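A look at the structure
Residues per chain are reported as follows:
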Amino acid sequence: MEKLEILSDAAKYDASCASSSTTKRNSLKGGLGSTTGSGICHSYAPDGRCISLLKILLTNYCSYDCAFCINRSSSNVRRARFTVEEVVDLTVSFYKRNYIEGLFLSSGIIRSPDYTMAELVRVAQTLREVHCFRGYIHLKLIPSANADLVAQAGLYADRVSINVELPTEVSLERFAPEKRPREISAAMGGLRLKIEESKAERAKSRRAPVFSPAGQSTQMIVGADGTSDATILQRSAQLYGSFGLRRVYYSAFSPIPDASRQLPLSEPPLLREHRLYQADWLTRFYGFEVGEILDDGAGGMLDLTVDPKLAWALRHRARFPVDVNRADRETLLRVPGLGTKSVGKILETRRFRRLRLEDVGKIARSITTLRHFIVAEGWRPGASLDSERLKQHLAPKPQQLALL
């Protein structure tokens with residue numbers, strides 16, 4: 001229990017533990033666990049992090065001395081190390097108690113990258129082959145590890161990930177000199193090739209082995225250096241395009257004890273992390289380009305007072321109001337307050353009748369913001385869209401914080 005306390009706390013800084021898009025497996029025909037039905041059940045902490053998995057490090061001993069990491073070799077923290085058998089026993093017993101639905105496993109680097117990677121693979125292999133574990137497994141890979149070990153990891157894990165850590169190569173070389181940007185890129189590129197090869201083989205034969213069915217993801221620390229939101233989003237776009245990532249996770253920098261003087265003394269606003277996720281979503285699912293999300297006069301930073309979509313709409317008021325009964329899908333997706341599902345329902349419903357404001361209100365979650373940007377049957381926003389006070393009116397109201 002002492003080891004679990006230390007190594008679960010040490011793993012909390014890794015945000016990339018979501019478990020979506022894996023293959024369907026269950027134990028109805030034998031085995032243990034499931035990824036569907038009563039299997040993976042997403043639970044999220046207030047900051048959006050997934051807490052449905054047993055999320056631990058194999059060890060927080062590490063030979064690397066990354067300045068931003070609490071587990072760096074020069075850090076004065078309590079150390080612990082699980083054996084492979086202990087991680088397996090914890091996962092199985094916690095699953096049987098219905099505490100968790102899967103495993104997220106990472107580790108500090110001990111002895112060598114190959115040795116550490118082999119230990120991570122042994123955990124997944126034992127769970128799958130000895131205990132017939134059908135639940136979700138996410139393994140954090142080591143870029144410099146042997147390619148054969150990485151290939152084995154992808155055969156046992158639902159998702160694999162390699163952290164790029166920081167948005168720019170300059171920052172990575174400055175704060176994590178043992179990590180090589182080229183090694184990270186090469187490893188991520190190799191993973192993409194193996195995932196695509198697996199899909200091609202599976203298309204020919206369903207008996208072909210599956211390689212990391214939930215794809216790969218990565219994580220960037222936000223606020224440890226002076227990188228702007230524009231640079232972070234451009235780097236994310238490059239990662240999505242080059243490596244076919246399922247997700248880029250953003251983790252707000254958290255000050256650590258005995259930190260380097262190069263690091264900031266305070267953490268960035270957690271809202272900045274949230275705005276980056278929103279902007280990331282706009283580029284992936286709403287047809288926005290990174291360049292149009294950012295305000296040219298904001299120094300490459302996102303507006304923290306309102307979400308990026310609303311901020312864009314307020315800067316482009318001439319494009320509104322949009323007629324919900326005539327506009328195409330691409331135009332509707334840019335209306336604040338309308339999501340992809342809402343737009344789909346609008347397009348389907350208007351085939352049979354003209355939509356009124358109350359109809360749109362039933363489809364969308366709220367019309368508080370939406371009503372200022374659309375035209376519907378019997379509704380026009382009037383002069384409200386041109387009001388200079390509209391942003392102030394739509395921005396979330398300040399809340400009184402408790403002192404205790």
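Residues numbered from 1 in each chain as written. Predicted model: local features only at pLDDT ≥ 70, side-chain atom pairs only at ≥ 80, totals over all residues. Heavy atoms only, no water.

The name given to the chain in an unreviewed UniProt entry is DNA modification/repair radical SAM protein, with the source organism recorded as Bosea massiliensis. Turning to the chain, the UniProt record has this under Cofactor (unreviewed entry): "[4Fe-4S] cluster". (UniProt positions renumbered as here; feature names shortened; annotations may be inferred.)

**Observations regarding the overall build of the chain**
Within the chain, the secondary structure is distributed over 14 helices and eight strands. Taken across its 404 residues, the chain has 50% of its residues classed as buried. Within the chain, contacts between residues separated by at least 24 positions form 67% of all contacts whose residues are at least 6 apart in sequence. By element, 51% of the accessible surface of the chain is carried by carbon and sulfur atoms, the whole surface being about 20200 Å². (Helix = DSSP H or I, 4+ residues; strand = E, 2+ residues; numbered from the N terminus. Buried < 20%, exposed > 50% of the residue type's maximum accessible area, 1.4 Å probe, protein only. Contact = heavy atoms within 4.5 Å. Areas by Shrake-Rupley, 256 points an atom, 1.4 Å probe, with all protein chains shown as cover.)

**Things to note about the confidence of the model for the chain**
Averaged over every residue, the pLDDT of the chain is 86; the share at 70 or more is 88%. Counting interchain partners and residues more than four positions distant, the pLDDT-below-50 stretch residues 36-49 has 34 contacts. (pLDDT = per-residue confidence, 0-100.)

**A look at the packing of helix H7 (residues 229-243) against helix H8 (residues 270-285)**
Running from N to C, H7 and H8 cross one another at 45°; their axes reach a closest spacing of 11 Å. When the axes of H7 and H8 are compared, the pair comes out oblique. Crossing hand, H7 versus H8: right-handed. Side by side, H7 and H8 meet where Asp229, Ile232, Leu233, Ser236 and Tyr240 of the first sit next to Arg272, Leu276, Ala279, Asp280 and Arg284 of the second. Taken together, the residues of the contact of H7 with H8 sort by class into five nonpolar, one polar and four charged. (Axes fitted to C-alpha atoms, helices over the stretch in contact; angles between N-to-C directions. Parallel < 35°, antiparallel > 145°, perpendicular 65-115°, else oblique. Left-handed = near helix turned anticlockwise from the far one by under 90°. Nonpolar A, V, L, I, M, F, W, Y, C, P; charged D, E, K, R; others polar.)

**Some remarks on the pairing of strand S1 (residues 54-57)**
Every second residue of S1 is oriented toward a common face, with Leu54 and Ile56 on one face and Lys55 and Leu57 on the other, all of them buried. Sheet topology note: the S1/strand S2 (residues 102-106) ladder contains four bridges and is parallel. Its bridge partner being in S2, Leu54 is matched across the sheet by Leu103. What joins S1 to S2 is helix H2 (residues 84-96), and the crossover it makes is right-handed. (Pairing = 2+ DSSP bridges. Right-handed = clockwise from strand over helix to strand, strands pointing away.)

**Observations regarding the pattern of salt bridges**
Overall, the coordinates contain 18 salt bridges when judged by the stated rule. As a salt-bridge pair, Arg78 and Glu2 come within 3.4 Å of each other at their nearest N and O atoms. Separated by 76 residues along the polypeptide, Arg78 in the loop between S1 and H2 and Glu2 in helix H1 (residues 2-10) bring together distant segments of the chain. Taking the relative accessible area as the measure of exposure, Arg78 reaches 47% and is therefore partly exposed. With a relative accessible area of 52%, Glu2 lands in the exposed category. Between Glu196 and Arg192 there is a salt bridge, and its shortest N-O distance comes to 2.8 Å. In this pair, Glu196 and Arg192 both sit in helix H6 (residues 181-204), four residues apart, roughly one turn of the helix. Ionic contacts of the salt-bridge type, sharing partners, join the residues Arg81, Glu85, Glu119 and Arg122 into one network. (Salt bridge = Lys/Arg side-chain N within 4 Å of Asp/Glu carboxyl O.)

**Looking at the pairing of S2**
Most of S2 sits out of view: five of its five residues are buried. Looking at chain direction, S2 and strand S3 (residues 136-140) are connected through four bridges and run parallel. From the neighbouring strand, Phe104 faces S3, where its bridge partner is His138. With respect to chirality, the unit in which S2 leads through helix H3 (residues 113-130) into the neighbouring parallel S3 is right-handed.

**Topic: the packing of aromatic side chains**
Inspection of the entire model under this criterion finds seven aromatic pairs. On the numbers, 5.2 Å between centres and 75° between planes, the contact of Tyr250 with Tyr277 is edge-to-face. Of the two residues, Tyr250 sits in strand S6 (residues 247-252) while Tyr277 sits in helix H8, which places them 27 residues apart along the sequence. Both rings, one in Trp312 and one in Phe320, keep their centres 6.1 Å apart while their planes meet at 85°; by these two values the pair is edge-to-face. This pair shows no difference in class: Trp312 is buried, exactly as Phe320 is. Three or more aromatic residues joined by ring pairs form one cluster here, namely Phe288, Trp312, Phe320 and Phe373. Over the ring of Phe104 we find Lys55, and its NZ or CZ is 5.8 Å from the ring centre. Here the basic side chain of Arg111 rests over the ring of Tyr115, its NZ or CZ set 4.3 Å away from the ring centre. (Phe/Tyr/Trp six-rings, centres within 6.5 Å; stacked < 30°, edge-to-face > 60°. Lys NZ or Arg CZ within 6 Å of the ring centre and 35° of its normal.)

**Points about the sheet that holds S3**
Strand order across the open sheet formed by six strands is S1-S2-S3-S4-S5-S6, with parallel pairing between neighbours. The sheet is open, and its two borders are formed by S1 and S6, each paired with just one other strand. Here the strands of the sheet are splayed against their neighbours by 20° on average, with no regard to which way each runs. Pairing analysis gives six bridges linking strand S5 (residues 216-222) to S6, with the strands arranged parallel. Note that in S6 the partner of Ser217 across the bridge is Arg247. Contacting S2 and S3, H3 crosses the sheet at an angle of about 175° to S3.

**Concerning H8**
The first and last C-alpha atoms of H8 sit 23 Å apart over 16 residues, in line with the 22 Å expected at 1.5 Å per residue. Against the buried residues of H8 lie S5, H7, S6, helix H9 (290-293) and helix H10 (308-315). Note on H8: the residue one or two positions beyond its end, Gly287, has a positive phi of about 80°. (Expected span 1.5 Å × (residues − 1).)

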